[in-house]
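Take a look at the letters that make up each chain.
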Amino acid sequence: MIEYFFELSPDDRREALEQVRAQTGRPTHLLEKDVWVVWTLRALFESPLAADLTLKGGTSLSKVYKIIDRFSEDVDLTYDIRKLIADMIGGDGCLPVSRSQADKWTKAVRHRLPEWLKANVQPVIERSLARERLDANTELGGKNSDKLLVHYPALAQGTGYVRPVVALEFGGRATGEPHQVLPVVCDMDGHLPEVSFPTASPQVMSVARTFWEKATAAHVYCAQGRIRSERYARHWHDLAAMARSPHFTGIMMDRAVAATVARHKSFFFIEKDVNDTVIDYAPAIQGHLRIVPEGLAREALAEDYAAMLADEVMAGGALAFDPLMRACAEVEARVNEAAE
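How each quantity is defined
- Residues numbered from 1 in each chain as written.
- Predicted model: local features only at pLDDT ≥ 70, side-chain atom pairs only at ≥ 80, totals over all residues.
- Heavy atoms only, no water.
- Helix = DSSP H or I, 4+ residues; strand = E, 2+ residues; numbered from the N terminus.
- Rg over C-alpha atoms; globule rule 2.2 N^0.38 Å.
- Buried < 20%, exposed > 50% of the residue type's maximum accessible area, 1.4 Å probe, protein only.
- Contact = heavy atoms within 4.5 Å.
- Lys, Arg positive; Asp, Glu negative; His and termini not counted.
- Salt bridge = Lys/Arg side-chain N within 4 Å of Asp/Glu carboxyl O.
- Patch = residues over 30% accessible without salt bridge, like charges linked within 9 Å, V, L, I, M, F, W, Y side chains within 5 Å.
- Areas by Shrake-Rupley, 256 points an atom, 1.4 Å probe, with all protein chains shown as cover.
- Charge placed at Lys NZ, Arg CZ, Asp CG, Glu CD.
- Polar contact = N/O pair within 3.5 Å; in protein donor to acceptor, adjacent residues only side chain to side chain.
- Phe/Tyr/Trp six-rings, centres within 6.5 Å; stacked < 30°, edge-to-face > 60°.
- Lys NZ or Arg CZ within 6 Å of the ring centre and 35° of its normal.
- Pairing = 2+ DSSP bridges.
- Axes fitted to C-alpha atoms, helices over the stretch in contact; angles between N-to-C directions.
- Parallel < 35°, antiparallel > 145°, perpendicular 65-115°, else oblique.
- Nonpolar A, V, L, I, M, F, W, Y, C, P; charged D, E, K, R; others polar.
- Expected span 1.5 Å × (residues − 1).
- Left-handed = near helix turned anticlockwise from the far one by under 90°.

### Quick word on the overall build of the protein
- Summing up its helical and strand segments, the protein has 13 helices and eleven strands in all.
- The globule rule puts the C-alpha radius of gyration for 340 residues at 20 Å, and the 20 Å found for the protein is close to it.
- Along the first, second and third principal axes, the C-alpha atoms of the protein reach 60 × 50 × 30 Å.
- Per-residue burial over the protein gives 54% buried out of 340 residues.
- Pairs at least 24 residues apart make up 73% of the contacts formed inside the protein by residues separated by at least 6 positions.

### Looking at the side chain of aspartate 146
- Along the chain, aspartate 146 falls in the loop between strand S4 (137–141) and strand S5 (147–151).
- Despite being buried, aspartate 146 has no salt bridge partner; lysine 147 is the closest side chain of opposite charge, sitting 6.0 Å away.
- Ignoring sequence-local partners within four residues, the contact set of aspartate 146 consists of Leu113, Leu117, Gly141, Leu168, Glu169 and Phe170.

### A few points about unusual backbone geometry
- Each neighbour pair has its own omega, and for glutamate 177 with proline 178 the value is -5°, a cis peptide bond.
- Inspection of the secondary structure puts proline 178 in the loop between strand S6 (165–171) and strand S7 (179–181).
- One non-glycine residue, arginine 133, adopts positive backbone phi at about 55°.
- Structurally, the position occupied by arginine 133 is in the loop between helix H6 (99–131) and S4.
- Unlike most non-glycine residues, serine 145 shows phi in positive territory, near 55°.
- Of note, serine 145 is situated in the loop between S4 and S5.
- Looking at serine 145, the relative accessible area reads 29%, which means it is partly exposed.

### Details of a negative patch on the surface
- Side chains of Glu3, Glu7, Asp12, Glu15 and Glu194 sit close together on the surface and give a patch of like negative charge.
- Take glutamate 194: it is sitting in the loop between strand S8 (184–185) and strand S9 (195–196).
- The partly exposed category is assigned to glutamate 194, whose relative accessible area is 39%.

### Examining the side chain of threonine 216
- Here threonine 216 shows up in helix H7 (residues 207–224).
- A polar side-chain atom of threonine 216 sits 2.8 Å from a polar atom in the side chain of lysine 265.
- For threonine 216, the residues in contact, after removing those within four places along its chain, are Val261, Lys265 and Tyr281.

### Points about the pattern of salt bridges
- If you walk through the whole model with that rule in mind, you get 14 salt bridges.
- With its nearest N and O atoms 3.9 Å apart, the salt bridge here joins lysine 272 to aspartate 276.
- Take aspartate 276: its relative accessible area is 55%, and that puts it in the exposed class.
- Each of Arg26, Asp34, Lys63 and Asp187 takes part in a single network of salt bridges with overlapping partners.

### Focus on the packing of aromatic side chains
- In total, this model carries 13 aromatic pairs according to the counting rule given.
- The ring centre of phenylalanine 269 lies 4.4 Å from the NZ or CZ of arginine 173, which sits over that ring.
- Its end group placed over the ring of phenylalanine 269, lysine 265 keeps NZ or CZ at 6.0 Å from the ring centre.

### Overview of the pairing of S5
- Two elements, S4 and S5, share five bridges in a ladder whose sense is antiparallel. In the sheet register, glycine 141 faces S5, and the bridge partner there is lysine 147.
- Between S4 and S5, which pair antiparallel one after the other, the connecting turn spans five residues, and glycine 142 there sits at a positive phi close to 90°.
- Note: S5 against S6, five bridges, orientation antiparallel. Looking at S6, one finds that leucine 149 is bridged to alanine 167.

### Concerning the packing of H6 against helix H10 (residues 255–268)
- For the pair H6 and H10, interaxial distance at closest approach is 8 Å and the crossing angle is 80°. One finds that H6 runs roughly perpendicular with respect to H10. Along the contact surface, H6 presents Arg99, Ala102, Trp105 and Thr106, while H10 presents Ser266, Phe267 and Phe268.
- Its residues assigned to classes, the contact of H6 with H10 shows four nonpolar, two polar and one charged.

### Some details on helix H2 (residues 28–45)
- In a regular helix each residue adds 1.5 Å, so 18 residues correspond to 26 Å; H2 covers 26 Å between its end C-alpha atoms and thus fits that length.
- Of all 18 residues in H2, 18 are buried, a share of seventy percent or more.

### Looking at the packing of H7 against H10
- In the contact formed by H7 and H10, the axes pass within 9 Å of each other and the chain directions differ by 45°. On the basis of the axis angle, H7 is oblique to H10. Once H7 is placed against H10, the crossing between them reads as right-handed. Contacts from Ala208, Arg209, Trp212, Glu213, Thr216 and Ala217 of H7 reach H10 at Arg255, Val257, Ala258, Thr260, Val261, His264 and Lys265.
- Residues belonging to the contact of H7 with H10 are distributed by class as follows: six nonpolar, three polar and four charged.

Dropping the structure here:
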């Protein structure tokens, strides 16, 4: 008889985690969190919210496209801007006509997104928790209250780098397109024939858009020469992994997506370089991408990457930092050559 993971006793769940750890080498705390991530995705994408949500970022690369062998601890999602501020946009347009209009849209998004999360997303998750009688709780979090945190009772512990909380981080300044619905399963799926696990079918952002969003973020980091936050090194790991994947040729050929990301960021993610000059995203997609940092910025990135490795977030023999930087230098060269 097949039993559902969350219907097992805590001791049996703990034993299941240990059995799969022995089979795969994956740490038990990451296996456990992965189950909660997929459960949360199922709750979201089986709800009426699904049509206007897009899964993106590292979770899409690891769980859907199988490009990276890294545990993605936060779940990045986009809520369609055309729904969030429909009264301000009008029609199907998704980009402002000026920076002043972009500022107005951004202020509206920051104001409305937390309200939307509290009124719509939080009830969906809480109803699903109650329906399955799961002992977890939710709260809004993040600097701008743009995250929904699902705290679960952990049966396994790591170093503390990965916490027992599923952080759903929402953006509301894009459409999430191009995207498509694709399946997601737990990492434990198939390893214990007598146990079933949650599955999900989220709407997922294209690999090409994910690449250019991460590449332009790395480009900004290099131009500014400073680390933005902890857990930032993952972008370089992901860029190198995408370059090794069968998707990379298509990514480099998809100039339309690259241009869309550059235009979008020029309105909504205005950044200044180390000389206090506004960063122009257009050169980054036209042969002048820069993703390999230097000096103190490189040192800070190396420290953040070491912290990720220490908690076994990377699986399958992750590159050491210096080889990773060499791989990223090759990515930079290939992308720039393809744009010429």
